[in-house]
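What follows is the residue order along each chain.
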Amino acid sequence: MLVLACLDPSGAAGLLADAEAIRAGGARPLCVATALTAETTRRMHGFQPLSPALALQTAEALLEEEPVRAIKVGMLGTSAMARAVGGLLERAGLPAVIDPVLAASSGAALFQGGPGAAREAYAALWTHAVITPNAIEARVLLDVSDELRDTAALERAARELVRRGAKAALVKGGHAEGTESVDVLCADDRCEHLSAPRLQRTARGTGCRLASALAAGLAQGKPLPEAARMAKSLVLEYLR
């Protein structure tokens, strides 16, 4: 399974977390770096985007020689990297999952050019993939001001992402309210709520892990709802 994302040296998020989740989901990770972050488990200090040409060359070499069955996309960092990855997804024609990483847990921006550039970049990408924003990222991608505080709001956001062209949308409820953590999966005109008890703890990289485990399930031929349920279960186990 091919994964394109940043290299976080702390291992809490990015490619190292992706690789752990992919292996836990039963697949083998092939990792391509899109950016380097200066980051610890406590703080983001900055990041350096890498060359889109080099990332593309590496990914295409792996696709040519390895039995890749799905692709996961994490942090892209720039519009140029997003364009390169979009072309790759279109040519590959494989199941794909996009985790639209826009900011670190500390709030530091992880996409150059601001929210408008991020919206434009991901709108061109999500036609090829399942997109997995959290509630905050969904607000940015849809350019809405209202907070997504409950399951009904999460479902509206997921439906709107699909209406705007995403193959499917899994909007995560970790930032919402309530005793249950509910993620909403929508594809076509169908939606499913994935619920689990809300744990009184947080950790960096849960979004990376969920998207990677989801892609691992798709790589094994699991239907999208089954792969999503497996991914949520793996993240819950990680948090525990």
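Residues numbered from 1 in each chain as written. Predicted model: local features only at pLDDT ≥ 70, side-chain atom pairs only at ≥ 80, totals over all residues. Heavy atoms only, no water.

Chemist: Break down the packing of helix 2 (residues 52–65) against helix 3 (residues 79–92) for me, with residues and values.
Modeler: Relative orientation of the contacting elements helix 2 and helix 3 amounts to 20°, with a least axis distance of 9 Å. Considering their axes alone, helix 2 and helix 3 lie roughly parallel with respect to each other. Of the two elements, helix 2 crosses helix 3, and the hand of that crossing is right-handed. In this structure, helix 2 uses P52, A55, L56, A59, E60 and L63 to contact helix 3, whose residues at the interface are A80, M81, A84, L88, R91 and A92. For the contact of helix 2 with helix 3, a count of residues per class yields 10 nonpolar, no polar and two charged. (Axes fitted to C-alpha atoms, helices over the stretch in contact; angles between N-to-C directions. Helix = DSSP H or I, 4+ residues; strand = E, 2+ residues; numbered from the N terminus. Parallel < 35°, antiparallel > 145°, perpendicular 65-115°, else oblique. Left-handed = near helix turned anticlockwise from the far one by under 90°. Contact = heavy atoms within 4.5 Å. Nonpolar A, V, L, I, M, F, W, Y, C, P; charged D, E, K, R; others polar.)

Chemist: Give a detailed account of the state of the cysteines, specifying residues and quantitative values.
Modeler: Here a disulfide denotes a covalent bond joining the sulfur atom of one cysteine to the sulfur atom of another. Evaluated as defined, the whole model comprises one disulfide. One disulfide bridge connects C186 with C191, the sulfur atoms lying 2.0 Å from each other. Looking down the S-S bond of the C186 and C191 bridge, the torsion is 105°, so its handedness is right-handed. A relative accessible area of 27% places C191 in the partly exposed class. The thiol of C208 is not disulfide-bonded; the next cysteine sulfur, from C6, is found 6.6 Å away. (Disulfide = S-S within 2.5 Å. Buried < 20%, exposed > 50% of the residue type's maximum accessible area, 1.4 Å probe, protein only.)

Chemist: If you had to explain the sheet that holds strand 1 (residues 2–7) to someone new, which residues and values would you point to?
Modeler: With mixed pairing, the nine strands of this open sheet are ordered in space as 3-2-1-4-5-6-7-8-9. Two strands in the sheet have a free side with no partner beyond their single neighbour: strand 3 (44–49) and strand 9 (190–197). Strand direction decides the pairing type here: strand 1 and strand 4 (residues 71–73), joined by three bridges, are parallel. In the strand pairing of strand 4, L2 is matched with I71. Lying on the sheet, helix 1 (residues 14–24) is in contact with strand 1, strand 2 (30–39) and strand 4; it crosses strand 1 at an angle near 145°. The sheet contacts of helix 7 (residues 206–219) involve strand 4, strand 5 (96–98), strand 6 (130–131), strand 7 (168–171) and strand 8 (180–187), and relative to strand 4 the element is tilted by about 165°. (Pairing = 2+ DSSP bridges.)

Everything listed is a geometric property; what it means functionally is a separate question.
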